[in-house]
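One letter stands for each residue in the lines below.
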Amino acid sequence: MTTPLPAPVPAVGVVCLRGEEVLLIRRGTPPRQGEWSLPGGRIEPGERAVDAALRELREETGVEAEITGLIDVVDGLFPEAGRHYVLIDYAARWLSGEPVAGDDAVEARFVELDGVETLVDWAETRRVIRMAAGAR
C-alpha cells in the first residue's frame, strides 16, 4: 500500500531567457536532487506568486529579471520524496547578473536552448521551457 501524499504546496518556477539561452540550476535537495531544473521554490505566506518567482530567482542564482508572462501551472507529484507541489511557471527576461548558485542550488548557469533536451530529465520542465521560448 502506498502512503498518500501530503496537501499540495504552492510553488513557482522561472524560465529566465537571455537571448538563445535559458537559466538552469542543479538541484541540491529532493525532489529530483542533482538534476537540472528551473530556479524556483515555495511561495511564502502572504507573498504574491510573481514576487515569489523573482525572489527565488534572485536567491538561487543572483540574477535579476522581469516577468513577461505566465507559462503554465504544473502538478509536481514526487511520491519518492513524499511531496506534491502546484508549480506556477513564469517566463522572464534576464536583466542583469551572472548566475551564481545559492540557496538550495548547487550549480547555476545559462545553457543554450538547443541543449535543454539532453540536459533536463523531467519532461514537464522541458515542455515549459519550449513554451516560453516559443512565445518570444
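Whatever comes next refers back to the structure up there.
Since the structure is predicted, the reported quantities are computational estimates derived from the model, not experimental observations.

A. Region of interest: helix H3 (residues 123-134). Its twelve residues give H3 an end-to-end C-alpha distance of 16 Å, which sits within 8% of 16 Å, the value for a rise of 1.5 Å per residue. Turning to H3, the residues buried within the fold contact strand E1 (9-18), strand E2 (21-27), strand E5 (64-78), strand E6 (83-96) and helix H2 (116-119).

B. Layout of helix H1 (residues 49-61). When the terminal C-alpha atoms of H1 are compared, their 18 Å separation across 13 residues agrees well with the 18 Å that a helix rising 1.5 Å per residue should span. Structurally, H1 contributes buried residues whose contacts are with E1, E2, strand E4 (40-42), E5, E6 and strand E7 (105-112). Two residues or fewer after H1 comes Gly62, characterised by a positive phi angle close to 80 degrees.

C. Layout of the side chain of Asp89. Of note, Asp89 is situated in strand E6. Buried and unpaired, Asp89 has Arg127 as its nearest opposite-charge partner, separated by 6.3 Å. Residues in contact with Asp89, not counting those within four places in the same chain, are Gly13, Leu38, Leu70, Ile71, Asp72, Val74 and Val128.

So, how was this worked out
- Residues numbered from 1 in each chain as written.
- Predicted model: local features only at pLDDT ≥ 70, side-chain atom pairs only at ≥ 80, totals over all residues.
- Heavy atoms only, no water.
- Helix = DSSP H or I, 4+ residues; strand = E, 2+ residues; numbered from the N terminus.
- Expected span 1.5 Å × (residues − 1).
- Contact = heavy atoms within 4.5 Å.
- Buried < 20%, exposed > 50% of the residue type's maximum accessible area, 1.4 Å probe, protein only.
- Lys, Arg positive; Asp, Glu negative; His and termini not counted.
- Salt bridge = Lys/Arg side-chain N within 4 Å of Asp/Glu carboxyl O.

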